[in-house]
Amino acid sequence: MNPDRRFLGLYALAWAGAAIAYTPFLTLLLPMHVDRLAGADSVRWLALTTFVGAIGSSIANIVFGWLSDRTGGRRIWVISGLLLSSGLLCLMPMVRALPLLISLIVAWQIGLNMMLGPLSAWAGDRVPDGRKGMLGGLLAFAPASGALAGALVTIPGLADLPERFAIVAGIVVVCVMPLALFGEDGRLDRPDNDAPPVTAAAKALLRAMATRMWLARLLVQISEASLFAYFYLWFRRVDPTFADAGIARVLSLAMLIGAPTALLAGRWADRRDRPVVPLALASAGAAAGLVAMALANGRAEAIAGYLLFGLSTSVFLALHTAHTLRVLPDGARRGRDLGLFNLTNTIPSLVMPSLTLALVPSLGFEGLFVVLAVLALGAMVLLARSPETSTHA
């Protein structure tokens, strides 16, 4: 098998495992656990755990990305983080007190980002720029895998809550370990023949593109993180009769539609060398989905709005990740720089609790969704005004 294709296959499976490590937990299992423990106080509990966990995640991703740069290898960090985060995940349902739950979530975030930071940089090390659109398309299957895992473990009668956590941890190990054991580590040992020489002007363009990409992802991620944390609670308010398994199926359906769409968009971007166009269109779609959700009066409207939002953000986040690997100006500091880009994932978790607590009690989720739609439109404007670039770092 072609080495590039082999690595892409192993990496796509591992990245799917990484999504399974946190998607069912943060969207379903943790809210379910908190809802049973805190009842009417569940929004405050979720806000506190999300806020503190995001701080640990931000620091850990930068630190372990930087350490994997310094050591020259990603493998040992991925394996260590995999084992630590999976073990801590199994302990979550045993916790009954908020302070202990927060402490355990911080420790879990550290272990998870010990895996995620080096894993993100590993793709930049091994995937040529001419295949990064394809990489982005394959990465879109990761959220779908996370959503499917959530749907699987919430099948009525399959498992109780502690067993659901253990099943998720086992699936993660099965997905990530093949790359950790058999994937080629280190930088590409051959030049990327598609890449032109990098001039000073090209590096300046890359830095400008990286700044716009960082800001655009931050805006979209604030929207995505808010839905990520409160999707379950919002849907229960729209339709209290909708079962847990039904909510999980809606989440997984959005991701399943988004994955092949991102794959097609990624291949188009590679062939046309226009990686920014799908990103701008996807951010516009996310804004439209949020508006539809704000206007939803029942289950059907809510599902339709969320499907549009989920499809759009799935495409955006996957292709954004791949294009980021193109525009980083220094491959030798890839792990550290991706850790800084990861702040666009964690800063929203710091902003989102305050935003939610300020808007939802007075304006409801409808007011929150309108504000989030404006942010997604801001990302579209940033990207639409960005120059396309085929410059490779």
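Coordinates for the structure precede this section.
Keep in mind the model is a prediction, meaning the values are calculated, not measured.

Draft legend 1. Fine view of the side chain of H323. Its place among the elements puts H323 in helix α11 (residues 299–327). For H323, a relative accessible area of 1% gives the class buried. Discounting chain neighbours no more than four positions away, the residues touching H323 are M209, M213, P275, V276 and L279.

Draft legend 2. The arrangement of the packing of aromatic side chains in detail. Enumeration over the complete set of coordinates arrives at 9 aromatic pairs. Taking 5.8 Å as the distance between ring centres and 25 degrees as the angle between the ring planes, the aromatic pair formed by F7 and Y11 counts as stacked. With F7 and Y11 both in helix α1 (residues 3–38) and 4 residues apart, the pair spans about one turn of that helix. Classification of F7 by relative accessible area gives buried; the value is 2%. Aromatic side chains F7 and W122 sit 6.4 Å apart centroid to centroid with 55 degrees between the ring planes, which places their arrangement in the tilted category. One end of the pair, F7, is in helix α1; the other, W122, is in helix α4 (residues 98–126), and 115 residues separate them in sequence. Owing to a relative accessible area of 0%, W122 belongs among the buried residues under this scheme. Among the aromatic residues, ring-to-ring pairing joins F7, Y11, W15 and W122 into one connected group.

Draft legend 3. View of the pattern of salt bridges. Across all of its chains, the model carries 5 salt bridges by this definition. Among the ionic pairs, D125 bridges to R74, the shortest N-O distance being 2.7 Å. In this pair, D125 is assigned in helix α4 and R74 in the loop between α2 (42–71) and α3 (75–91), connecting sequence segments 51 residues apart. Accessibility classification places D125 together with R74 in one group, the buried group. Through salt bridges with shared partners, a single ionic network connects D69, R74 and D125.

Draft legend 4. Seen up close, the packing of helix α6 (residues 141–153) against helix α9 (residues 244–272). Look at α6 against α9: their axes get within 8 Å of each other, and the N-to-C directions meet at 160 degrees. Compared by their axis directions, α6 and α9 come out roughly antiparallel. At the point where α6 passes α9, the crossing takes the left-handed sense. Along the contact surface, α6 presents F141, P143, A144, A147, L148, G150 and A151, while α9 presents A248, L251, S252, M255, L256, A259, P260 and L263.

Calculation criteria
- Residues numbered from 1 in each chain as written.
- Predicted model: local features only at pLDDT ≥ 70, side-chain atom pairs only at ≥ 80, totals over all residues.
- Heavy atoms only, no water.
- Helix = DSSP H or I, 4+ residues; strand = E, 2+ residues; numbered from the N terminus.
- Buried < 20%, exposed > 50% of the residue type's maximum accessible area, 1.4 Å probe, protein only.
- Contact = heavy atoms within 4.5 Å.
- Phe/Tyr/Trp six-rings, centres within 6.5 Å; stacked < 30°, edge-to-face > 60°.
- Salt bridge = Lys/Arg side-chain N within 4 Å of Asp/Glu carboxyl O.
- Axes fitted to C-alpha atoms, helices over the stretch in contact; angles between N-to-C directions.
- Parallel < 35°, antiparallel > 145°, perpendicular 65-115°, else oblique.
- Left-handed = near helix turned anticlockwise from the far one by under 90°.

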